[in-house]
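Listed below are the residues making up each chain.
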Amino acid sequence: MSRQTQAIIHADAIIHNFKLLQASAPHSRSMAVIKADAYGHGAVNVARLLRDICQRFAVAIIEEAIALREAGITAPIVVLEGPHQQRECALAKASDCIMVAHHQSQLDWLMALPEGQRPHIWLKVDSGMHRLGFAIDEVEPILTSYQALVTSETVLVTHLACADDLENPFTQQQLDAFAALKNRIDLPVSIANSPATLAWPQSQANWNRLGVAVFGSGPDVPERAQLKPAMTLRSSVMAVRTITPGEYVGYGQNWQAQRTSKIATVAIGYADGYPRHCPNGTPVAINGQIAPLAGRVSMDMITVDVTDIGEVRPGDRVELWGEQVNIDTVAHHAGTIGYELMTRVSQRVPRIVRHR
Ligand SMILES: Cc1ncc(COP(=O)(O)O)c(C=O)c1O
């Protein structure tokens, strides 16, 4: 019998979330960001699911775009990091990809190609995040020098550093800095990621780039309640034992029974992507009831204190995150964010796309 550890990918949730985000930005066009294997949900799966409602996808690197092309995805793809090497420029044209250019050397590589063999570009502007892009005062000279690269598809793109922090005034500062530039340049723009689309409507522009909210996670705004989790990470109980007060569970003995306790061992561990940083008390759902993690996360197993949730037997169904346990709650316990948990579900875990 095979292990029952699986990531169920909810097709209806992905479609619902994308449509909800589109509806919340009726004056923008929305593209799904499906880098990092669509945040662990399977990029080809997700591109196929969204094929009829999403006219464009974004990935981080050209290899991700080529994998989509090989799977028959034909919509234009924006490569958010642009070319890492000169040879990627011709590859981008051949694969109908739009390259984000954030650095002058990339523009030089593109110019070195014969006209007609150059891919379209988006120009990345650093409006304050200081990760990638041209400084605001560099943009106009760059556009003049590289006019030959500007096409009907060219978009000015920037990224917000703090959009998920609703109280942080820096988002408005970035928006103001970018708006001043935009007023001087007649090109379409792209600013908002998912948290910005939901929480900062003034950031919605020609193109919104939607990642994590398509998969059911987002900032603390009313629309968030309508997002549906796109992944259920589930497993099953392998063993159940009763231990006496004072006995310990797991590596390093970091959980000690204060009473006679029933411990369920579940077939998932950090090698599957369940975070090793999850401490005692992290919620796990067994047979639909919440029980606390007890003991350190091992490579292939976790242990859960099921003393208070009635009868638990080997083979019983366990949800690590999904509808019963919010992925962001688990992430909070692990000291990280839902993005990291989604993207770290390992290849050992089969993705099962479920349509209902
Ligand atoms: C440049 C860029 N745009 C858009 C996104 C999508 O962001 P989110 O997942 O928060 O919607 C990302 C994700 O990291 C990104 O790096």
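Right, let's walk through the structure included here. Every chain's residues receive numbers from 1 upward, in the order its sequence appears when written. Where totals are concerned, whole chains, interfaces and linings use all residues; where local detail is concerned, this predicted model gives features only for residues with pLDDT of at least 70, and gives and counts side-chain atom pairs only at 80 or more. Hydrogen atoms and water are omitted, and side-chain values are computed over all heavy atoms in the structure.

What follows concerns the overall build of the protein. Broken down by element type, the protein carries 11 helices and 19 strands. Taking the principal axes of the C-alpha coordinates as reference, the protein spans close to 75 × 45 × 35 Å. By definition, residues are in contact when any of their heavy atoms lie within 4.5 Å. Taking contacts inside the protein between residues at least 6 apart in sequence as the whole, the part at least 24 apart equals 64%. All accessibility values rest on the Shrake-Rupley procedure with a 1.4 Å probe; residue burial counts only the protein chains present in the view. When the accessible area of the protein is evaluated, it comes to approximately 15800 Å², of which 50% is carbon and sulfur surface. In this tally, Lys and Arg are treated as positive and Asp and Glu as negative; His is ignored, and so are the chain termini. Charge coordinates come from a single atom per side chain, which is NZ of Lys, CZ of Arg, CG of Asp or CD of Glu. With 31 positive and 34 negative side-chain charges, the protein shows a separation of 7 Å between the mean positions of the two kinds. Helix and strand definitions follow DSSP, with helices as H or I runs of at least four residues and strands as E runs of at least two, each counted in order from the N terminus.

The next point concerns the site of the ligand. In this text, near means that some heavy atom of the residue lies within 4 Å of the molecule or strand in question. The environment of the ligand is made up of 15 residues, and the closest members are Lys 35, Tyr 39, Ser 194, Val 212 and Tyr 339. Definition of a polar contact: a pair of N or O atoms within 3.5 Å, with one able to donate and the other able to accept a hydrogen when the atoms are protein atoms, and with sequence-neighbouring residues admitted only if both atoms are side-chain atoms. One of the side-chain N or O atoms of Lys 35 is found 2.7 Å from an oxygen atom in the ligand. At 2.9 Å from a nitrogen atom of the ligand is found a side-chain nitrogen or oxygen belonging to Arg 209. When the free accessible area of the ligand is taken as 390 Å², the share hidden by the protein chains comes to 91%. At the level of secondary structure, the elements contributing two or more residues to the shell around the ligand comprise helix 2 (35–39), helix 9 (194–199) and strand 10 (207–210). As a working rule, the residues Ala, Val, Leu, Ile, Met, Phe, Trp, Tyr, Cys and Pro are called nonpolar, Asp, Glu, Lys and Arg charged, and the rest polar, with Gly in that last group. When its residues are assigned to classes, the shell around the ligand shows 7 nonpolar, 4 polar and 4 charged.

Right, let's talk about the packing of aromatic side chains for a bit. When two rings of Phe, Tyr or Trp (its six-membered ring) have centres within 6.5 Å they constitute a pair, described as stacked for plane angles under 30 degrees, edge-to-face for angles over 60, and tilted for the intermediate range. Going through the model one piece at a time under the given rule, you end up with 3 aromatic pairs. Geometrically, the ring pair formed by Tyr 39 and Tyr 339 is tilted, given 6.0 Å between the ring centres and 35° between the ring planes. Remark: Tyr 339 occurs in helix 11 (residues 338–343) and Tyr 39 occurs in helix 2; sequence separation between them is 300 residues. Overall, the relative accessible area of 30% leaves Tyr 339 in the partly exposed class. Connected via pairs of aromatic rings, a cluster forms that spans Tyr 39, Phe 215 and Tyr 339. We call a residue buried when its accessible area falls under 20% of the maximum for its residue type, exposed when it is over 50%, and partly exposed in between, using a 1.4 Å probe and counting protein chains only.

A word on the nonpolar core. Side-chain atoms within 4.5 Å are what join buried Ala, Val, Leu, Ile, Met, Phe, Trp, Tyr and Cys residues into a set we call a nonpolar core. Grouped together as the largest cluster of nonpolar side chains are 80 residues, with contacts concentrated most on Ile 34, Tyr 274, Ile 286, Ile 302 and Trp 321. Domain assignment of the residues forming this core places at least three in each of domain 1 (11–222) and domain 2 (231–354). Setting aside chain neighbours within four positions, we find Trp 321 in contact with Met 231, Thr 232, Leu 233, Gly 273, Tyr 274, Pro 275, Ile 327, Val 330, Leu 341 and Val 345. If you look at the next biggest cluster of nonpolar residues, it comprises 28 residues, including Cys 89, Val 125, Ala 163 and Ala 192. These domain limits were set by an automatic method or by a database of domain assignments.

Time to look at the packing of helix 1 (residues 11–23) against helix 3 (residues 43–50). For helices, the fitted axis covers only the stretch in contact; all axes are lines through C-alpha atoms, and the angles between them, taken along N-to-C directions, range from 0 to 180 degrees. At their nearest, the axes of helix 1 and helix 3 sit 10 Å apart, and the two run at 60° to each other. On the basis of the axis angle, helix 1 is oblique to helix 3. Note that helix 1 runs across helix 3; the crossing there is right-handed. Seen from helix 1, the contacting residues are Ala 11, Ile 14, Ile 15 and Phe 18; seen from helix 3, they are Val 46, Leu 49 and Leu 50. Of the residues belonging to the contact of helix 1 with helix 3, the class tally is 7 nonpolar, no polar and no charged. Between 65 and 115 degrees an angle is taken as roughly perpendicular, under 35 as roughly parallel, over 145 as roughly antiparallel, and anywhere else as oblique. In this scheme, a crossing is called left-handed if the near helix is turned counterclockwise away from the far one by less than a right angle; it is called right-handed if the turn is clockwise.

We now examine the pattern of salt bridges. Any carboxyl oxygen of Asp or Glu that lies within 4 Å of a side-chain nitrogen of Lys or Arg is treated as forming a salt bridge with it. For the structure shown, the criterion picks out 9 salt bridges. Across the salt bridge formed by Asp 308 and Arg 259, the nearest N and O atoms sit 2.9 Å from each other. Here the residue Asp 308 occupies a position in the loop between strand 17 (302–305) and strand 18 (317–321), and Arg 259 occupies one in the loop between strand 13 (255–256) and strand 14 (261–266), the gap between them amounting to 49 residues. Its relative accessible area of 58% is what places Asp 308 among the exposed residues. Of the residues examined, Arg 259 reaches a relative accessible area of 37% and is grouped as partly exposed. Its salt-bridge partner being Asp 300, residue Arg 348 comes within 2.9 Å of it at the nearest N-O pair. Taken together, the positions of Arg 348 in the loop between helix 11 and strand 19 (351–354) and Asp 300 in the loop between strand 16 (289–292) and strand 17 put the pair 48 residues apart, joining distant regions of the chain. Here the salt bridges share partners, and the residues they tie into one network are Arg 3, Asp 272, Asp 300 and Arg 348.

Turning to unusual backbone geometry, a few remarks are in order. Backbone geometry at Ala 36 places phi at a positive 50°, although glycine is not the residue there. In this structure, Ala 36 sits in helix 2. By relative accessible area, Ala 36 is classed as partly exposed at 36%.

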